[in-house]
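# Examining the three-dimensional arrangement
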Amino acid sequence: MQINSSYENVEMTDTGHPMNGAAGPCFGAVEIASGSVGGGGICVFTDSTGDKVVLHWTAEAMGPSGALTGSWKLTGGTGHWADAEGGGGFSSLTDPETGKFVNTITSSVTLP
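Basis of the calculations
- Residues numbered from 1 in each chain as written.
- Predicted model: local features only at pLDDT ≥ 70, side-chain atom pairs only at ≥ 80, totals over all residues.
- Heavy atoms only, no water.
- Pairing = 2+ DSSP bridges.
- Helix = DSSP H or I, 4+ residues; strand = E, 2+ residues; numbered from the N terminus.
- Phe/Tyr/Trp six-rings, centres within 6.5 Å; stacked < 30°, edge-to-face > 60°.
- Buried < 20%, exposed > 50% of the residue type's maximum accessible area, 1.4 Å probe, protein only.
- Polar contact = N/O pair within 3.5 Å; in protein donor to acceptor, adjacent residues only side chain to side chain.
- Core = buried A, V, L, I, M, F, W, Y, C linked by side-chain atoms within 4.5 Å.
- Contact = heavy atoms within 4.5 Å.

## Concerning the pairing of strand E5 (residues 68-77)
Alignment of strand E4 (residues 52-62) against E5, held across nine bridges, turns out to be antiparallel. Counted as the bridge partner of Met62 is Leu68 from E5. Once E4 ends, the chain turns through five residues before running back antiparallel as E5, passing Gly66 with a positive phi of about 95°. Where E5 meets strand E6 (residues 85-94), six bridges bridge the pair, whose relative direction is antiparallel. Bridged to Gly70 within E6 is Phe90.

Right under this line is the structure:
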C-alpha cells in the first residue's frame, strides 16, 4: 500500500519535546504479504521554530489490533536539527469507522 499523510500538529506528552507542535508530510510504501511486513518512508516536519526535521521510518510488523508498527530514526534537518540524533518506535492505527489515523510514537531525541 502507498502511504501519504500530513500531520497538522504533532502532540507530544512532554510539551517541551522539540517535536511538539511540528507539522508536515510523510510518505512511503508498505507491503503486507503472507504475514510479513516490509517497507518504509520519510517524514519532513517543520517544527514550531520553523526548522525542518527529516526522519526515516521502517514498517516491521502488524500488532494484534491491526496497527502497523515499526521504528524511525532522525536523519537530518535544518537549524538545531542539523546535528540532532534520535529515533524510536511507532504504532499507526486507522479507525475503520471514522477513517481517523492515530500514530503513537516513542522517542529519544538529543539536540546539540
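Back to the text.
## Side note on the packing of aromatic side chains
Counted under the stated rule, the structure contains two aromatic pairs. Here the aromatic rings of Tyr7 and Phe45 are separated by 5.6 Å at their centres, their planes lie at 90°, and the arrangement is edge-to-face. With Tyr7 in strand E1 (residues 2-7) and Phe45 in strand E3 (residues 36-46), this pair connects stretches of sequence that are 38 residues apart. Exposure remark for Tyr7: the relative accessible area of 18% places this residue in the buried category. Considering the side-chain rings of Trp57 and Phe90, the 6.1 Å spacing of their centres and the 85° angle between planes classify their relative orientation as edge-to-face. Note that Trp57 is positioned in strand E4 and Phe90 in strand E6, a separation of 33 residues in sequence.

## Side note on the side chain of Ser92
By the secondary structure assignment, Ser92 is in strand E6. Overall, Ser92 belongs to the buried group, its relative accessible area being 11%. One polar contact links Ser92 to Asn103, side chain to side chain, over a distance of 2.8 Å.

## Some remarks on the nonpolar core
Phe45, Leu55, Trp57 and Leu74 are the most contacted members of the largest nonpolar core, which totals 20 residues. Looking at this core, the elements with two or more residues in it are strand E2 (24-33), E3, E4 and E5. Excluding anything up to four places from it in sequence, Leu74 contacts Val53, Val54, Leu55, Trp81, Ala84, Glu85, Gly86 and Val109.

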